[in-house]
Amino acid sequence: MCAVFQFQNRIFKPGRKITACAKDAVLSHVWAGFARHEILDWWVKKGGMLLDIHAGSFAERSDDTRRLVWDSVPKDHVIRGILDVQSSHALIKVVTRAATIEERAHFQHPRMPLLESPLFGSNPPAVTDQQPSEELFGFS
């Protein structure tokens, strides 16, 4: 599912603000969970907007050892996100897909972040030194 990701020497995790690129803007909202690729059309019908989340690497938490297992994001790819506008505050969800047999063996996790070519250009946004947002999921 993408427990954390790294971008410009910073670690980002659920419950914190992350930066993402949309069609005509750079957005900064709380990363508040996941959206399954299998129902991405539903998210879009509910007003969701696809996002590019630039990252150099990501980690899954192993279901077996509970340790983070890291891998690189290919240079010409981003983590796909979606802006969820269904609540009173816009939230960012990371889009996930089912892990392949090989990925399941390596990461020991059934879901993976969807890594795709950028939709909105290849220039990553600058990461500002933002204060942590509300701790939605108990991470600190």
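Above this text sits the structure in question.
Residues numbered from 1 in each chain as written. Predicted model: local features only at pLDDT ≥ 70, side-chain atom pairs only at ≥ 80, totals over all residues. Heavy atoms only, no water.

Enquirer: Requested: an account of the pattern of salt bridges, with residues and values cited.
Expert: In total, this model carries 6 salt bridges according to the counting rule given. Among the salt bridges present, the one from R80 reaches D52, with a minimum N-O distance of 2.4 Å. Placement of R80 in strand β8 (residues 78-84) and of D52 in strand β5 (residues 49-53) is noted, with a sequence separation of 28 residues between them. The partner of E116 in a salt bridge is R80, and the shortest N-O contact between them spans 2.8 Å. Of this pair, E116 sits in strand β11 (residues 115-116) while R80 sits in strand β8; the two residues are 36 residues apart in sequence, bridging distant segments of the chain. (Salt bridge = Lys/Arg side-chain N within 4 Å of Asp/Glu carboxyl O. Helix = DSSP H or I, 4+ residues; strand = E, 2+ residues; numbered from the N terminus.)

Enquirer: Requested: an account of the nonpolar core, with residues and values cited.
Expert: Of all hydrophobic cores here, the largest spans 22 residues; its most connected members are F5, I53, F58 and I79. For this core, the elements supplying multiple residues, two or more each, are β1 (4-7), β3 (17-21), β4 (26-36), β5, β8 and β9 (91-98). Filtering out sequence-adjacent residues up to four positions away, F5 remains in contact with R10, I11, F12, I18, W31, I53, H54, A55, S57, F58 and I79. In this structure, L40, W43, I82 and V95 belong to the second largest nonpolar core, which totals 6 residues. (Core = buried A, V, L, I, M, F, W, Y, C linked by side-chain atoms within 4.5 Å. Buried < 20%, exposed > 50% of the residue type's maximum accessible area, 1.4 Å probe, protein only. Contact = heavy atoms within 4.5 Å.)

Enquirer: Account for the pairing of β1, naming residues and giving values.
Expert: Two elements, β1 and strand β6 (residues 57-61), share 3 bridges in a ladder whose sense is antiparallel. Looking at the pairing, V4 lines up with A59 of β6. Relative to strand β2 (residues 10-12), β1 runs antiparallel, the two sharing 3 bridges. By the bridge assignment for β2, Q6 is matched with I11. (Pairing = 2+ DSSP bridges.)

Enquirer: For the layout of surface pockets, give the residues involved together with the corresponding values.
Expert: Of the voids in this model, the second largest pocket is the one considered here, and its volume is about 160 Å³. In terms of lining, the second largest pocket is formed by 13 residues, of which the most central are H54, K75, H77, V78 and S122. Of the residues in the lining of the second largest pocket, the class split is 7 nonpolar, 4 polar and 2 charged. (1 Å grid on protein atoms, 1.4 Å probe; cavity = no way out; pocket = protein on both sides within 12 Å on 5 of 7 lines; lining within 4 Å. Points joined across faces, edges and corners; volume = space filled by probe spheres on them. Nonpolar A, V, L, I, M, F, W, Y, C, P; charged D, E, K, R; others polar.)

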